[in-house]
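Listed here are the chains, written in short residue letters.
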Amino acid sequence: MRSSKTIHVISCHAEGEVGDVIVGGVVPPPGDTLWEQRSFVANDKTLRNFVLNEPRGGVFRHVNLLVPPKHPDADAAFIIMEPEDTPPMSGSNSICVSTVLLDSGILPMTEPVTELVLEAPGGLVHLTADCRDGKAEKIHVRNVASFADKMDVALEVEGLGTLTVDTAFGGDSFVVVDAASLGFAMNESEAADIARLGVRITNAANDQLGFSHPENPDWNHISFCAFCGPLTETEKGYTGRSAIAIQPGKVDRSPCGTAVSARMALMAARGQMSLRQEFEALSIIGSAFTGKILDTATVGGVPGIIPQISGRGWITGIHQHMLDPHDPWPEGYKLSDTWGA
């Protein structure tokens, strides 16, 4: 076999959502900070195209690049590459990265509990892993500060009329809609309709409402649409179903950790949820993340919360992505049948 490029990947998923991890074959991108490195990856697109475009990737795939940390307190650092964004943080991807680091032996595992500090582009993320028999069985992620942005605002969506929506940040930015009012129960059979409609709602929210992170002016758009179902009270707090539409048009298979954080920030802002309460979030395939409000926070003068997300990850394989020097599509390709317009 001949190859002008070989990238080593350990594949993983967190509660159903793919979050592969590049462990070799890529030099760290230029930049004095992790955010600068993230911005290089986002703007250069060479690595993103190679691992995310077909034939190696697809709309279902997220890929994380391990890099040396910039912060002295961090054990490792990672840059998240989603189908259309290179975001500050991702809950499912942080669980995948932690699982790969520990289950593969890149970082030492201590049983029954291993503590890690990872550096994401959006800041430090403290993690605790419940470990047994050489396996990280559950990852608890202390996420970056999350906050409600706009609540109960009007949004015009062509073909739907006026919706009442919220916007929030949970490590990434969301427009949040009531699923039942749009006729959705978040069943698996609804995935295609949720994905398509979610992109339309996200695009409308960016045009009409916008978003600007109060401490990071580079993050100035809404990434996702969260379709949220009704809440049911439990002994520890609440449970509820949701489905997250991701650009260019897919549904998150997991409950989406940043969506759980954003929803808890909205619940806290409305007085529905308080410190130490838990929120069990169920995905469209029935997988679960458990969210908890650990503390309050202030982000650029905006009140918010410090959320925790707990979930499981599993390694699915080891891959070497190669490039034949005569391949006519060295950066891959995208077609509108899956990637949208």
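One structure accompanies this document, and this report is about it. What you are looking at is a predicted structure, and each value in this text was computed from that prediction instead of being measured.

### Looking at unusual backbone geometry
Next, step 1: Of note, the bond from Glu54 into Pro55 is cis; its omega dihedral lies within 30 degrees of zero at 15°.
Next, step 2: Relative to the assigned elements, Pro55 resides in the loop between α2 (46-52) and β4 (63-67).
Next, step 3: The backbone of Asp152 shows a phi angle near 55°, a positive value even though the residue is not glycine.
Next, step 4: If you trace the backbone, Asp152 turns up in strand β9 (residues 147-157).
Next, step 5: What makes Asp152 exposed here is its relative accessible area of 53%.

### Here's the deal with the pattern of salt bridges
Next, step 1: Per the counting criterion, the structure on display carries 13 salt bridges.
Next, step 2: Between Lys135 and Asp103 there is a salt bridge whose closest N-O contact spans 2.8 Å. Taken as a pair, Lys135 in strand β8 (residues 135-142) and Asp103 in helix α3 (residues 91-103) lie far apart in primary sequence, 32 residues in all.
Next, step 3: Taking the relative accessible area as the measure of exposure, Asp103 reaches 23% and is therefore partly exposed.
Next, step 4: With its nearest N and O atoms 3.0 Å apart, the salt bridge here joins Asp152 to Arg270. Here Asp152 is found in strand β9, whereas its partner Arg270 is found in the loop between α5 (257-269) and β15 (278-282), with 118 residues between them in sequence.
Next, step 5: On the accessibility criterion, Arg270 (35% relative accessible area) is partly exposed.
Next, step 6: Connected via shared salt-bridge partners are Asp152, Asp166 and Arg270.

### Quick notes on the nonpolar core
Grouped burial of nonpolar side chains is what soluble globular proteins tend to show.
Next, step 1: Phe78, Leu155, Leu182, Phe184, Ile201 and Phe227 are the most contacted members of the largest nonpolar core, which has 69 residues in total.
Next, step 2: Those residues in contact with Phe78, other than ones at most four positions away along the chain, are Leu34, Asn64, Leu65, Leu66, Val67, Met89, Ser94, Val97, Leu118, Glu119, Ala120 and Pro121.
Next, step 3: One finds Val41, Val63, Ala77 and Met81 within the second-largest nonpolar core, a separate group that totals 16 residues.

### Some remarks on helix α1 (residues 34-44)
Next, step 1: Listed in full, the buried residues belonging to α1 are Leu34, Trp35, Gln37, Arg38, Ser39, Val41 and Ala42.
Next, step 2: Buried residues belonging to α1 abut α2, β4, β5 (76-81) and β6 (113-120).

About the cut-offs
Residues numbered from 1 in each chain as written. Predicted model: local features only at pLDDT ≥ 70, side-chain atom pairs only at ≥ 80, totals over all residues. Heavy atoms only, no water. Helix = DSSP H or I, 4+ residues; strand = E, 2+ residues; numbered from the N terminus. Buried < 20%, exposed > 50% of the residue type's maximum accessible area, 1.4 Å probe, protein only. Salt bridge = Lys/Arg side-chain N within 4 Å of Asp/Glu carboxyl O. Core = buried A, V, L, I, M, F, W, Y, C linked by side-chain atoms within 4.5 Å. Contact = heavy atoms within 4.5 Å.

Any link to function would need more than the numbers given here.
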